[in-house]
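Take a look at the letters that make up each chain.
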Amino acid sequence: MTSAMTFNTQSAPVSRLVLIAAGAAALILSLWITGGEPGAYSRQPVWLVLIPLMLLGGWFAMEQLTALGDRSESKAVARAVNLAVPTLFAVLLLVLWQLICTGFAVPSVLLPAPGTIGFTFFSELETLAKDFAQTWLKAVLAGWLIGCGSGFVVALLIDRSPFLQKGLMPIGNIMSSIPIVGIAPIMVMWFGFDWQSKAAVVVIMTFFPMLVNTLAGLHASDNLHLNLLHTYAGNRRQTLWYVQLPAALPFIFNALKINSTLALIGAIVAEFFGTPIVGMGFRISTEVGRMNMDMVWATILVAALAGSISYGLLALLERKLTFWHPSTRAAG
Amino acid sequence: MDMTVNTQPASSPERAKEEARKIIAIEDLSLVFETNDGPVNALSHIDLDIHAGDFVSFIGPSGCGKTTLLRVIADLERQTEGSIQVDGTSPEDARLNRLYGYVFQAPGLFPWRTIAGNCKVPLEIFGMSKEQQQRHVDKYLELVGLGDFHKKFPWQLSGGMQQRASIARALSFEPELLLMDEPFGALDEITRDHLNLELLKIWRETRKTVVFVTHSIPEAVLLSTHIVVMSPRPGRIAKIIKSPLPRERTLEDRESPEFIALAQEVREALANDHRIN
Amino acid sequence: MDMTVNTQPASSPERAKEEARKIIAIEDLSLVFETNDGPVNALSHIDLDIHAGDFVSFIGPSGCGKTTLLRVIADLERQTEGSIQVDGTSPEDARLNRLYGYVFQAPGLFPWRTIAGNCKVPLEIFGMSKEQQQRHVDKYLELVGLGDFHKKFPWQLSGGMQQRASIARALSFEPELLLMDEPFGALDEITRDHLNLELLKIWRETRKTVVFVTHSIPEAVLLSTHIVVMSPRPGRIAKIIKSPLPRERTLEDRESPEFIALAQEVREALANDHRIN
Amino acid sequence: MFKSLHKSQAAALTLMVLALLVLWYLGALWLNSDLLINGYERRNIDWSFSQLLADAYSMKRPLLPTPDQIAAELYKSIFDTKISSKRSLVYHTGITLSSTLLGFLMGAVLGIVLAIGIVHNRTLERSLMPWVITSQTIPILAIAPMIIVVLGALNFTGLVPKAIISMYLSFFPVTIGMVKGLRAPDKLHMELLATYSAKPGEFFWKLRWPTALPYLFASLKIAIAASLVGAIVAELPTGAQGGLGARLLSGSYYGQTVQIWAALVVAAVLGAVLVALVGMMERKINRRMGIAA
Amino acid sequence: ADPLTLQLKWVTQAQFGGYYVALAKGFYEEEGLDMTVKPGGPDIAPPQVIAGGGADVIVEWMPAALASREKGLPLVNIGQIFNKSGMMLTCLKDSGIEQPMDVVDKTLGVWFFGNEYPFLAWMSKLGIATDGSEGGVTVLKQGFNVDPIFQGQADCVSTMNYNEYGQVLDGGLTPEELTVFSYEDQGVAMLEDGLYTTEEKLADPEMVDKLARFLKASVKGWKYAAEHPEEAAEIVLEYDDTGAQTEDHQIRMAKEVAKLLEGNPKEIGYLDPAAFDRTVDILLSGDSAPVITKKPEGAWTHEVYEKSGL
Ligand SMILES: Nc1ncnc2c1ncn2[C@@H]1O[C@H](COP(=O)(O)OP(=O)(O)OP(=O)(O)O)[C@@H](O)[C@H]1O
Ligand SMILES: Nc1ncnc2c1ncn2[C@@H]1O[C@H](COP(=O)(O)OP(=O)(O)OP(=O)(O)O)[C@@H](O)[C@H]1O
Ligand SMILES: Cc1ncc(C[n+]2csc(CCO)c2C)c(N)n1
Ligand SMILES: [Mg+2]
Ligand SMILES: [Mg+2]
């Protein structure tokens, strides 16, 4: 059992690190050989051999790093590995992307190279920041807060009323399977071009996941715990506070996390249907039309960063608040 | 089946009222669970009186309705027929008056609270002052041998320690009536012996009434003033045995002839209509 | 602590080899769990030999390492020091050779399989033919009193019935060595008695070796040829008691003076260094 | 008892739907009357409340159409039009449905395969898992046209690019759910199989897979709804190739509010039906696995 | 027959009637072409499609085509179909807009996605700021329709005279209630629908030959469409996969589009170098948001036109 479940590598940590370095060197080498020369692969397909080689080297390095992390007893090392492996994976993909773009001289109007995107990202920070403020700080945040908040409150309100639940849940389920994109033009019609209409789309998108999850969470409390509160003649508020809410926390966080990515997508989609001339959705669709694909991808980068960071922060908060949950304990 | 308590005839007019207040009075009580497979007769025509200061054990094979009967007393389940009075009122009123403490078969601690925090839950709900809470919790955690574990979380403790914590929680608000559903089932023999003695001591000193579910014949004999032997399908009372043992008991009593005879009586009552499945 | 088996001195040169093959040989074995709070000495300097046909019980307070020791034998845990041989090979090889059947403390049935389907899991994995599977399953479910419950799903059975099914599952592939971790803990006394007798019969008839963990002194005395009394912090063997009782035993033996004396010996060994924590 | 439960569900639902309808009509009056009054005043027409009422419920380009207007449009484009006609909503539903289903299938397979990889390989878990989550933070609508253009360049046109966008949205819940599910087996069950020295394949088929099935179905329900969203999103940039998304877009393009709402209603019903179908499959398998209904 | 793919700039509608007529009437077949016409959509950028190899020739507006050229995608105009611009800004008189300078402080709906250059050029010419600063205009990215003018969200909306302007009228506004600024009249008009391909494709004589035949058949289609707008509209409706277009609407569009074909010094399809220079000059003169930074070289060719024998 023990042997079947743990990673088995014989090599010592030092030789492992050497191998990792070798993998990284192979990676950089291949980039250097072909990187500067647009169209190198089209002219000399031999160089393509480097790509599987590089992927193999990278994979090997990741495997070694993983083994290192799994074996190490120090928490710091484990944490560093947890960061390093996905980073290496991303770097690998980026290098591959860069190599293909330059090596095959892919037109930048089709797919810009990551280097170009990175450059644009930093040189256009100001524009990107304004767009971010418009779309994320206003529409997404407001919509997310209102949507999650109202979903939570409604769940609390109908938790004890089977009648309301029976009536509302089927409707809620149908509503949550409506593709929100369809609602976006209507919201623009109703709430105008500015961020309010985007926030409205976000509210609708986030409301139902929150409602459904919170309700499920409130029903997920241990029967024994409910019985216990019953024997104490605890009232509704006490039952909620002592039993139901803590048990619902993992569900609530689940919805918060899902919603954090949904919200951004919703806001950007809504901007597709009309907006003032600022915002991430506006930027994307406008710059596609202007063939500035580097700017498009820089905006996508901002979206991915914002989404990942908010997801990560929520996950962190979740671990803090649900430290007692078996899944959190297993992970920590 | 029609059986009344044979040792303390509740209906006898000559019983001195002051001697023992009737805490639980059950008359011809039945409970049927409706399930997909059809009705289950969990309890059938139960008659039982329990008086203040009694220590009553329910014993019987799995599925005979011990837990169900305890839950009816605690207003966690309602009978489908017959009547029950707890401390002269309905079980619901008794519950609302916070008359009893219930120890479940499983510890049922909140994983998000420390051991001390768990014991404080009822105290907080009953609106006890902070210092008083602390005093009670300290006292009862000490009693069950968890004095050093205040700040641990339930999942950092063994199953037996968790069960002890749940007992401390039930004791902490000093209810008049203790309802305990196999509280010591998960413990090793020595710890169980120790807690049996502690429970006896608390019972003697505070003159509480205890209703206790167990699978262990020696435990039932050691602790009880009355042993209610139950039998299944439908769940009913097969026999009620009054213990001749004095209130003061020690572990050594288990070797005494009275003890062994009583245990044998219980064993026979149990075996009487037992078949395996 | 350094303690060797006092009843069957493993190192004694005069032991007749044929008399009993050594199935388990543990020498100076220790196991330390590394936890966040620091290391836990679950097992410390264990020396123990178990011979073919023995029925060995581990008894001791909660947390003394009974389960851990059983898990080391089963290759579910690896010692940090010392050595262990199972049937002359490493525990891992013994496991790969499917030498033993393990009954866990909880039933651990698959909820998506019927009772019969659950018993078939090991047989399927061992590549037994369909009819043979059916024959084995029929036989052992009958044995544990579940002959009528083949097609039921686990959650349609009481806890005790589930535990019996898990015993049938371990027996079904007729392993030479049975490792049982408190298999009867969840059963009521009568059912427990019945299964104790069945287990004794199987053991006698098939000449299996059984290693058995229990909390119950009478059970240990009733079943075992050797009782290993363990004590906690660090987990170690406090005493190994060889039973003078014959292999043929009945429930009535529990009233015999030898039985009572042996139980008292175990109780004293247990009480010797027990304190409540 | 079962019956009365059913009855009260129907009663509750009816009541809610009725309440919703009343709110809807009130909302339509409230939203549309502003526009109308503006129009009256611009043209200096005297108007009465009854006229406003009549006009608000029969506008050609209302801010909020009434349910009966939507129903009429639905009737017209579903029953009064030949199914093969491009004006039939059934035709467009068929287009969307086919890419939804194809995308759902691909997403489910991809999701399961990823989850199996992640559960069985630590390196995959560490390298892939964070990016699986990040992938969903990329606004799909932003990359949808690019995917379609790039795939078009590779000669994938019509159904496949749309299905790939559906797949992009639907693989995620499946991966997350299946990783959870494949890790759900009790430690006890894992150890039990270890005592049988079971092989990895046996661990998978006898334990991990059955344990993961409930998780799989829970995520498949989310995935099929996401897949529908993906298909509709993918129909927006290629707004001229049919499908419910194209109906939404052209409705928006020509200010045909009623057409938008009709397409929305059909999309919602389609979503509900698809989720219900997955639910039915779940119940069927649950029954076979003996899990209580 | 030789396969050839055309990518349109927008959804199937009478704006592209000529190509659909040529397709339906078999003009392409006559020229030995196996023609595929791909409709576009709100987020389909035809230059991207041709860069990815998804089309051989595209319908595009000149500013967008020249912008792509600067971005490294060498598009070349091989034939100009529309000779006049149909784009205009339609404003509510109620908002107090009579003169161009009246738009100051108003909210204007503008199409982006590469269609914003004429508007920006006009504002630049008028000296009105578009970045939201004091004394400028508030610009909205207009969605797919003209609703903002009905719902009071904008004072002016962008319209094509052959399409959205009609929708404004359909929506209940009368020409008397509206002020219309046509970019053509304002002197900032740029060449709209033209046919573009890449330098790479033009280097292949066989492709040039195919394109010449394509141009010839297309122009034949356009002439037919201009003469028979009702029939052209009918044909367009047949090709519309969304089933959302209406007959009245398409007939009107076909008639209006026919007017944009007029004014070519030679045949339809001939790119007047003077018109090209005008467009380039306007683009270069815009000081805000430069579309192109230098005069493009080789951005058009008459090779295909001449080879087509028109
Ligand atoms: N909620 C319920 N619904 C249906 N049947 C129930 C329910 N609760 C208990 N039962 C049934 O009622 C009977 C009595 O159950 P109960 O739990 O009281 O037994 P018990 O004596 O406590 O058994 P054990 O010793 O195993 O705890 C059993 O047959 C059980 O299956
Ligand atoms: N995986 C583990 N990690 C850390 N400590 C462990 C682990 N498993 C067991 N222990 C510790 O090792 C000691 C022995 O545990 P073990 O389960 O063997 O006790 P036991 O004798 O079986 O007790 P019980 O009678 O309660 O089952 C205990 O202190 C326990 O807390
Ligand atoms: C999002 C969006 N972007 C641009 C246009 C403008 N546009 C592109 S092609 C064409 C011809 C119209 O018939 C027009 C107007 C639009 N309408 N919607
Ligand atoms: Mg019970
Ligand atoms: Mg144990």
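Residues numbered from 1 in each chain as written. Chains lettered and ligands numbered in written order. Predicted model: local features only at pLDDT ≥ 70, side-chain atom pairs only at ≥ 80, totals over all residues. Heavy atoms only, no water.

### Describing the overall build of chain A
Each helix and strand in chain A was counted, giving 15 helices and one strand. Here the C-alpha atoms of chain A give a radius of gyration of 25 Å, more than 25% beyond the 20 Å that 2.2 N^0.38 yields for 332 residues. With respect to the principal axes defined by its C-alpha atoms, chain A has extents near 75 × 60 × 30 Å. Here chain A, with 332 residues, has 53% of them falling under the buried criterion. Counted over contacts in chain A with a minimum sequence separation of 6, partners at least 24 positions apart contribute 73%. Of the roughly 14200 Å² that chain A leaves accessible, carbon and sulfur atoms contribute 73%. Each charge sign in chain A was given a centre, from 18 positive and 14 negative side chains, and these centres are 10 Å apart. (Helix = DSSP H or I, 4+ residues; strand = E, 2+ residues; numbered from the N terminus. Rg over C-alpha atoms; globule rule 2.2 N^0.38 Å. Buried < 20%, exposed > 50% of the residue type's maximum accessible area, 1.4 Å probe, protein only. Contact = heavy atoms within 4.5 Å. Areas by Shrake-Rupley, 256 points an atom, 1.4 Å probe, with all protein chains shown as cover. Lys, Arg positive; Asp, Glu negative; His and termini not counted. Charge placed at Lys NZ, Arg CZ, Asp CG, Glu CD.)

### Re the interface of chain A and chain D
Each partner contributes to the interface: chain A provides 51 residues, whereas chain D provides 53 residues. Taking both sides of the interface into account, the surface hidden between chain A and chain D amounts to around 4500 Å²; carbon and sulfur atoms contribute 82%. It is Lys-166, Pro-179 and Trp-190 of chain A in chain A that bury the most area against chain D; as a group they hold 13% of the surface buried on that side. Along the contact surface separating chain A from chain D lie two salt bridges. Note that Arg-122 of chain D and Asp-70 of chain A form a salt bridge whose closest N and O atoms lie 2.5 Å from each other. Remark: the boundary between chain A and chain D carries seven residue pairs in polar contact (both at pLDDT 80 or more). Mapped onto the side of chain A that touches chain D, the elements with two or more residues apiece are α4 (50–71), α5 (75–103), α8 (162–176), α9 (183–191), α12 (236–271) and α14 (293–321) of chain A. Per-element accounting of the side of chain A that touches chain D gives the leading share, nine residues, to α14 of chain A. Across the side of chain A that touches chain D, the residue classes break down as 39 nonpolar, nine polar and three charged. (Buried area = accessible area lost by both parts, 1.4 Å probe. Salt bridge = Lys/Arg side-chain N within 4 Å of Asp/Glu carboxyl O. Polar contact = N/O pair within 3.5 Å; in protein donor to acceptor, adjacent residues only side chain to side chain. Nonpolar A, V, L, I, M, F, W, Y, C, P; charged D, E, K, R; others polar.)

### Overview of the site of ligand 3
Residues and elements named next belong to chain E. Close to ligand 3 lie 13 residues; Gln-13, Gln-15, Trp-111, Asn-115 and Asn-163 are nearest. Gln-13 places a side-chain nitrogen or oxygen 2.7 Å from an oxygen atom of ligand 3. Between ligand 3 and Asn-163 there is a distance of 3.1 Å, counted from an oxygen atom to a side-chain nitrogen or oxygen. Taking 430 Å² as the accessible area of ligand 3 by itself, protein coverage stands at 97%. (Near = heavy atom within 4 Å.)

### Overview of the sheet that holds strand β2 (residues 33–38) of chain E
All names here are of chain E. If you walk across this open sheet you meet the five strands as β2-β1-β3-β10-β4, and the pairing is mixed. Strand pairing shows two members of the sheet lacking a second neighbour, β2 and β4 (75–80), which therefore form its edges. On average, each strand axis in the sheet is tilted by 30° relative to the strand beside it, whichever way the strands run. Of the pairings in the sheet, the one linking strand β3 (residues 57–60) to strand β10 (residues 194–198) comprises three bridges and is antiparallel in character. Pairing of Val-59 across the sheet is with Leu-195, part of β10. (Pairing = 2+ DSSP bridges. Axes fitted to C-alpha atoms, helices over the stretch in contact; angles between N-to-C directions.)

### Section: the domain arrangement of chain A
Partitioning chain A into domains gives domain 1 (2–105) and domain 2 (120–331). Taking only C-alpha atoms into account, the centre of domain 1 of chain A sits 36 Å from that of domain 2 of chain A. (Domains from an automatic or database assignment.)

### Observations regarding the environment of Leu-169 of chain E
All names here are of chain E. Its place among the elements puts Leu-169 in helix α7 (residues 164–170). A relative accessible area of 29% places Leu-169 in the partly exposed class. Taking C-alpha positions, Leu-169 is 22 Å from Thr-12, a pair spaced 157 residues apart along the chain. The residues touching Leu-169, leaving out its near neighbours within four places in the chain, are Thr-174, Pro-175 and Leu-178.

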